[in-house]
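Commentary on secondary and tertiary structure
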Amino acid sequence: MTTQPTPKDTPRGAWTITFLLFLFMVVNFADKIVVGLAGVPIKKDMSLTQEQFGDLGSSFFLLFSISAIVVGFIVNRVATRWVLLILAVIWSLAQFPMVGSVSFATLVVCRIILGAGEGPAFSVAAHAIYKWFPDEKRTLPTAILSQGSAFGVILAVPALNWIIVNHSWHHAFGALGIVGLLWAVAWFALGKEGPLVSTVSVAADEPRIPYLKLLTSRTFIGCVVATFGAYWALSLGLTWFTSFIIEGLGFSQQQAGFVSILPWIFGATIVLLTGWISQVMLARGFTTRGARGVLGAAPLIVGGCILALLPHVPPGGLMIALLVIGSGLCGSIYVVCPPMLGEFTPVSQRGAVIAIYGALYTISGILAPMVMGNVIQKAATPMDGYLSGFTINAAIMAGAGILGLLLLWPNTERARLTGTARQPGTIKGAVSPT
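Residues numbered from 1 in each chain as written. Predicted model: local features only at pLDDT ≥ 70, side-chain atom pairs only at ≥ 80, totals over all residues. Heavy atoms only, no water.

**Looking at the overall build of the protein chain**
Helices and strands together make up the secondary structure of the protein chain, namely 22 helices and zero strands. With respect to the principal axes defined by its C-alpha atoms, the protein chain has extents near 60 × 45 × 35 Å. For the protein chain, buried positions account for 60% of its 434 residues. In the protein chain, of all internal contacts separated by at least 6 residues, the share reaching a separation of at least 24 is 84%. In the form shown here, the protein chain has an accessible surface area of approximately 16,300 Å², with 71% of it arising from carbon and sulfur atoms. (Helix = DSSP H or I, 4+ residues; strand = E, 2+ residues; numbered from the N terminus. Buried < 20%, exposed > 50% of the residue type's maximum accessible area, 1.4 Å probe, protein only. Contact = heavy atoms within 4.5 Å. Areas by Shrake-Rupley, 256 points an atom, 1.4 Å probe, with all protein chains shown as cover.)

Here's what the structure looks like:
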C-alpha cells in the first residue's frame, strides 16, 4: 500500500524537480546576461550611445512585471508544469531573430518579448517547488533555485564570450535559443506537478485572505522594498558590469568575460550559505523573523556600505573586489523572501502573491539600467559616470536593507491578518516579541 506524503514529508522525486528547475533558472539568467556581456560589440556595431544602451537594458523589463502578475494568477488554477514549458518555449523563440542582421528596434522588441516570458519565471518555479516541500524544508530548495541565476552566468559567460570573441554576438543569441529548446524537451519528458497541495487536507478548507490585506501587510511590503534594492544591483550587473570592466578599467573583451563571473561566484556562495544557515537556525528554534527576515536584510546594508567606498579607491583590483563583494551580498534576500511570503499566504493564493511580489521588485530592472545610462551619458568621463551610478546603487541597497529590518516579521503576519493564533504544524519557535 502506497503511503501518501504528509505536510512534513518530502515526496519522492522532489530533488529531481528541484534540479530541473535549477537548470530552468540557469537558462533564464544566461538569456538575461547576453546583452550586457556583448554590450561593447553591440554598441559599436549598432552605433549606440550610452543612453540608448541603457534603454535597451531597461526594455527587457517593460512587460516583465505585468507578465509576472498575469501568470501568477494563472498558476493559481493551471498546473505549473505546463506554464513553465510555455515560458521556456517563448524564451527560446525570442532569441533566434538576433542570429542574422538586426535593427535596434527589432533587438528591443525581442528583448521585450523575452522579458515578458521570463518575468514570471522565478515566481512560478518557486510556487512549483513549494508543492514538493513542506514549509520548514523550503529554504534550501529555494536557495538552490536562486543558484540558477548565479550558475546561469558562471556557466554561460565563458561559453558565450568565446562565441562573441571568435564568431559574433549574433551567434550567442542563437546558441541560447537552442539551449532553451533542449530544456523544454527535458521538462516535457520529466517535469511533474508536486503532490503536497492535493494531499494536505487543510489546504481545501484554508480561509482566503483579501488580497488587499496580503499586499499591504508589512512583511509583503518589506520583501518588495528589500528585494527592490537587491535587484537594482543585479540589473546593473546584468547590463553594465562588463561594459564597466572594458570602458572604465580598460580590460579586453576576453579578459572582461572572466572578470564578469566573479560577482556571480561570490553571490552563489552567499545564496547557498544563506539557505543553509536559515534552515539550521529554524531547526534550532529561531523565529522566522531572525532566520529569514534579519538574515536576508542585514547583508543589504553591509553591501551598500561597501559599494559606497568605490569612488574612494584607485581603479583596479580593489575596485573590482568592492564591487563583487558589495553587490554579491544582496543575494541573501532572494532566498528568504518567497518562504516568508509562503508562511502567511493561503496556498490557493500563493502563486499570485509571490508573482506580484516579483513584479513589483523587478521594476528596479527598468529603472537601474536607464539611470546608469543617463548618468554615464552626462558625466565628464565614463568612469565618473560609472562611479556615480554605483554610488546611487549603494544608497538604494542600504536604504532597502534598513526598511527590510524594520518590516520583515513573517512569524506573526498570519495572526495579524486573520486575527487568530498560528495554526498547528507551523515552524517551531516562530514567536515574535510583537
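**Observations regarding the packing of helix H15 (residues 262–283) against helix H16 (residues 288–307)**
At a minimum axis separation of 8 Å, H15 and H16 run at an interaxial angle of 165°. By the criterion of interaxial angle, the relationship of H15 to H16 is roughly antiparallel. When you trace H15 past H16, the crossing you get is right-handed. Two secondary-structure elements touch here, H15 through Thr274, Ile277, Ser278, Met281 and Leu282 and H16 through Thr288, Gly290, Ala291, Arg292 and Leu295. Looking at side-chain class alone, the contact of H15 with H16 contains five nonpolar, four polar and one charged residues. (Axes fitted to C-alpha atoms, helices over the stretch in contact; angles between N-to-C directions. Parallel < 35°, antiparallel > 145°, perpendicular 65-115°, else oblique. Left-handed = near helix turned anticlockwise from the far one by under 90°. Nonpolar A, V, L, I, M, F, W, Y, C, P; charged D, E, K, R; others polar.)

**Some thoughts on helix H8 (residues 139–166)**
For H8, spanning 28 residues, the distance from its first C-alpha to its last is 41 Å, which sits close to the expected 40 Å at 1.5 Å a residue. Considering bend angle alone, the principal kink of H8 is centred on Ala156 and spans about 40°; proline Pro158 follows within four residues of it. (Expected span 1.5 Å × (residues − 1). Bend = angle between axes of the 7 residues up to and from the residue.)

**Thoughts on the packing of helix H1 (residues 14–37) against H8**
Packing of H1 against H8 leaves a shortest axis separation of 6 Å and a crossing angle of 45°. Our classification of the angle between H1 and H8 gives oblique. In the crossing of H1 with H8, the sense of the turn from one axis to the other is right-handed. Taken together, the residues of the contact of H1 with H8 sort by class into 20 nonpolar, six polar and no charged.

**A look at the state of the cysteines**
Summed over the entire model, instances satisfying the criterion amount to zero disulfides. Summary of cysteine pairing: Cys305 is not part of a disulfide, and the nearest cysteine sulfur, belonging to Cys330, is at 14 Å. (Disulfide = S-S within 2.5 Å.)

**Digging into the environment of Gly290**
Along the chain, Gly290 falls in helix H16. The spatial distance from the C-alpha of Gly290 to the C-alpha of Thr412 is 12 Å, given a sequence separation of 122 residues. Those residues within four positions of Gly290 in sequence are excluded, and the remaining contacts are Met281 and Leu295.

**Looking at the nonpolar core**
The biggest cluster of nonpolar side chains holds 130 residues, and the ones touching the most others in it are Leu21, Phe24, Leu84, Phe244, Trp264 and Ile333. It is helix H13 (residues 218–248) that contributes the most residues to this core, 16 residues altogether. The contacts of Ile333, once residues within four sequence positions are left out, are Ala226, Thr227, Ala230, Gly296, Ala297, Leu300 and Leu408. (Core = buried A, V, L, I, M, F, W, Y, C linked by side-chain atoms within 4.5 Å.)

**What about the side chain of Arg292?**
Looking at where Arg292 falls in the secondary structure, it is placed in helix H16. Since its relative accessible area comes to 0%, Arg292 is described here as buried.

**Here's the deal with a nonpolar patch on the surface**
Judged by side-chain polarity, Leu62, Leu63, Ile66, Val70, Ile74 and Val78 come together as a nonpolar surface patch covering roughly 490 Å² of accessible area. By the secondary structure assignment, Leu63 is in the loop between helix H3 (50–59) and helix H4 (64–74). For Leu63, a relative accessible area of 37% puts it in the partly exposed group. (Patch = residues over 30% accessible without salt bridge, like charges linked within 9 Å, V, L, I, M, F, W, Y side chains within 5 Å. Salt bridge = Lys/Arg side-chain N within 4 Å of Asp/Glu carboxyl O.)

**Re the pattern of salt bridges**
Counted according to the given criterion, the structure contains five salt bridges. We note a salt bridge from Glu118 to Lys32, for which the minimum N-O separation is 3.4 Å. With a gap of 86 residues between them, Glu118 in helix H6 (residues 104–118) and Lys32 in helix H1 connect regions that are remote in the sequence. Overall, the relative accessible area of 1% leaves Glu118 in the buried class.

**Quick notes on the packing of aromatic side chains**
In total, this model carries 21 aromatic pairs according to the counting rule given. Ring geometry for Phe24 against Trp183: centres 4.9 Å apart, planes inclined by 45°, an arrangement best described as tilted. Taken together, the residues Phe24 in helix H1 and Trp183 in helix H9 (residues 169–190) connect sequence positions 159 residues apart. Note on Phe228 and Trp232: the rings are 6.1 Å apart at their centroids and 45° apart in plane angle, and the pair reads as tilted. Within this pair, Phe228 and its partner Trp232 are both found in helix H13, separated by four residues, close to a single helical turn. (Phe/Tyr/Trp six-rings, centres within 6.5 Å; stacked < 30°, edge-to-face > 60°.)

**So, H4**
Along H4, the residues classified as buried are Phe64, Ser65, Ser67, Ala68, Val71 and Gly72. For H4, the buried positions fall inside an angular range of 160° around the axis, keeping them on one side. (Arc of directions from axis to C-beta.)

**A word on the confidence of the model for the protein chain**
Here the protein chain averages 85 in pLDDT, while 91% of its residues score no lower than 70. In this model, residues 198–203 is a region of pLDDT below 50 whose contacts with residues beyond four sequence positions or in other chains number five contacts. Throughout residues 422–434 the model reports pLDDT below 50, and contacts reaching past four residues in sequence, or to other chains, amount to 32 contacts. (pLDDT = per-residue confidence, 0-100.)

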